[in-house]
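As a plain string of letters, each chain reads:
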Amino acid sequence: PPRKCTGNAMTMMRAAIYYKFGGPITIQDIPYPQLPKDGVIIKVKATGVCRSDWHGWKGHDDDIKTYGIEQGFVPGHEVSGIIVQISKDIASTTKYQIGDRVVVPFILSCGTCRECHRSRATVCEDQAQPGFTMLGSFAEYLAVPRSDRNLCKLPDNVDFCEAAALGCRFTTAYRAVMQQGRLGVLVENTNTHSTSSCNTLPLLSSTDDDDATRNSTTGKTSTSVAVFGVGGLGLSCIMIAKSVESNDANNKIQIIAVDVSDQALQKAMDLGATHTINVRNNTDVQSQILQMTSGIGVDLAIDAAGFKSTCEDAVLCTRRGGRMVQVGLPIGHSSPPIVDMGRVAGRELEIVGSHGMSASDMPSVLELVSSGKLVPRKLVEREVDLEAGAAAIMAMDHGSPVGITMVTRFRTDTKRTSRL
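Thresholds applied
Think of each chain on its own: its residues are numbered from 1, step by step along the sequence as written. Restriction of local features to residues with pLDDT of at least 70 applies here, the model being predicted, together with a cutoff of 80 or more for giving and counting side-chain atom pairs; totals for whole chains, interfaces and linings are based on all residues. Side-chain numbers come from the whole structure's heavy atoms, not from hydrogens or water. A cavity, in this analysis, means grid points on a 1 Å lattice covering only the protein atoms where a 1.4 Å probe fits yet has no way out; a pocket is instead an open set bounded by protein on both sides within 12 Å along at least five of seven lines, and a residue lines either one if it has an atom within 4 Å of a point. Grid points are joined across faces, edges and corners, and a volume is the space filled by probe spheres set on the points. Counting from the N terminus, the helices are the DSSP runs of H or I reaching at least four residues and the strands are the DSSP runs of E reaching at least two. Classification used: nonpolar for Ala, Val, Leu, Ile, Met, Phe, Trp, Tyr, Cys and Pro, charged for Asp, Glu, Lys and Arg, polar for all others including Gly. When accessible area is computed with a 1.4 Å probe and restricted to protein chains, residues below 20% of their type maximum are described as buried, those above 50% as exposed, and intermediate ones as partly exposed. The contact criterion used is simple: two residues touch if any of their non-hydrogen atoms lie within 4.5 Å. By the criterion applied in these results, polar contacts are pairs of N or O atoms within 3.5 Å in which, for protein atoms, one can donate a hydrogen and the other can accept it, and in which residues neighboring in sequence qualify only through two side-chain atoms. Put simply, a disulfide is two cysteine sulfurs that come within 2.5 Å. Interaxial angles span 0 to 180 degrees and are taken between N-to-C directions of axes, which are lines fitted to C-alpha atoms, for helices over the stretch in contact. Crossing handedness follows the turn of the near helix against the far one: under a right angle anticlockwise gives a left-handed crossing, and clockwise gives a right-handed one. Any two strands with at least two DSSP-identified bridges between them are counted as paired.

A.B. asks: Please explain the layout of surface pockets as it appears in this structure.
C.D. replies: Where empty space is left can be seen by rolling a probe of water-molecule size over the atoms. A volume near 670 Å³ is recorded for the second largest pocket. Lining the second largest pocket are 32 residues, with Y32, P33, Q34, L35 and A143 sitting closest to its centre. Elements with a contribution of two residues or more to the lining of the second largest pocket: β1 (12-17), β2 (26-31), β4 (79-86) and β6 (141-144). The leading source of residues in the lining of the second largest pocket is β6, at three residues. Taken together, the residues of the lining of the second largest pocket sort by class into 19 nonpolar, nine polar and four charged.

Structural data, given as structure tokens:
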């Protein structure tokens, strides 16, 4: 029979759980989550398999170590679902209702710390994260604290599978490309050839030729972006960049994908990349990118992998006065990158970190999906059940798959419901 919760009565639910870092992830019945005083419980309809879940399972994440796994830990942080319970403490004031279709960002900010008061929810001093600081979404139900500031309703034409992909990969990519990378401003400057608009992008050069890379054969300008590492996050960055491309045929965005996998690079081309570089075949990435950009380098370099080599190459390939965004998390690697700070100073490079995205900004991404400019389903390779989702995390020991694996079935008798 269906598992239900009346008031705060605790029953059981199915979940993927592990008790040892790198140990088996098994499917078990565990207690239904406790309803937070300031939050809700959602019935999970879709949750993504992310490389970060693998890092957590392998013991690379300090938050999980702090939480402790002796009593079992549930992974998962890319999630959408339906609200099934609301705390009585917020029932009269919350903007949500039971039955609302929602997406959950993976950073649940507190709203009271110094950074939240500065509208910097992504660096909240007391943030919670499903699958890291609390039990995650590889379960039938998920408790979401601080729900009024950390949920976002779904448009009717955005399904659960697409929404779950937004919860981490696409929202993280959006912040890296559009907010921290400021690609929209670069494209605007390119299209208008205006020097005044550079006032909105401090530290970027203000001359017409420096607004973007100039094509030596046509004299036209184009904005250039290089994405280092085209797994799920990197491919999402490419799709975000493509979604804001100008309709002017003379001002298309040059999108360069860099990876070691031909399969991943082909997927990047399918999703909007204009050029690819396989580092396994040629390690001199800087020379190749300089050749592709008329000797200038890229306006925006994004390290979406977090390896020593990808970080270093991203800095080396950034043009004078350009910007490098570090969004891939360098965890689980022994050797940190070496960055020539003399180059950074002398060329006035900007190196900017990027982490997640505030729930208050999520409507911007949902609008792209609702309008059809961004299609997350292009990145979803397969929908699976909870057992296969757990297996997919463990299979990342042997490499990351191209695209997203999405868990949309949580009981063996449950049919696919991600489009409901």
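A.B. asks: Where do I start with the environment of K65 in this structure?
C.D. replies: Positionally, K65 belongs in helix α2 (residues 62-67). When its relative accessible area of 46% is taken as the criterion, K65 is described as partly exposed. Separated by 44 residues in the primary sequence, K65 and F21 have C-alpha atoms spaced 9.4 Å apart. Ignoring sequence-local partners within four residues, the contact set of K65 consists of F21 and G59. Looking at K65, its side chain comes within polar contact range of the main-chain oxygen of G59, at 3.1 Å.

A.B. asks: Which parts of the structure should I look at to understand the state of the cysteines?
C.D. replies: According to the stated counting rule, one finds zero disulfides in the structure shown. The structure places no disulfide on C116, whose sulfur is separated from the nearest cysteine sulfur, that of C113, by 3.7 Å. Classification of C116 as buried rests on a relative accessible area of 10%. For C168, which is in no disulfide, the shortest distance to another cysteine sulfur is to C50 and amounts to 4.4 Å. Given the relative accessible area of 9%, C168 is considered buried.

A.B. asks: When you look at the packing of helix α5 (residues 160-180) against helix α12 (residues 362-371) in this model, what are you seeing that I'm missing?
C.D. replies: If you want to describe how two helices pack, look at the angle between their axes and the distance between the axes. Relative orientation of the contacting elements α5 and α12 amounts to 115°, with a least axis distance of 10 Å. Along this stretch, α5 crosses α12, giving a crossing that reads as right-handed. Facing α5, whose interface residues are E162, L166, T171 and Y174, α12 presents M362, S364, V365, L366, L368 and V369. Split into classes, the residues belonging to the contact of α5 with α12 amount to seven nonpolar, two polar and one charged.

A.B. asks: What should I look at first to understand the sheet that holds strand β11 (residues 254-259) in this one?
C.D. replies: For sheets, the rule is that strands pair by backbone hydrogen bonds, running either parallel or antiparallel. Spatial ordering of the open sheet is given by β12-β11-β10-β13-β14-β15, a layout of six strands whose pairing is parallel. Each edge of the open sheet is held by one strand with a lone partner, namely β12 (275-278) and β15 (350-353). The sheet shows a mean angle of 15° between the axes of neighbouring strands, direction not considered. Two strands pair when backbone bridges link them, and strand β10 (residues 224-228) and β11 are joined in this way by five bridges, in the parallel orientation. Within β11, the residue paired with F228 across the bridge is V258. Docked against the sheet, helix α8 (residues 262-270) engages β11 and β12, running at close to 170° with respect to β12. The strands touched by helix α10 (residues 308-316) are β10, β13 (298-303), β14 (318-326) and β15; relative to β14, the strand with the most contacts, the crossing angle is about 150°.

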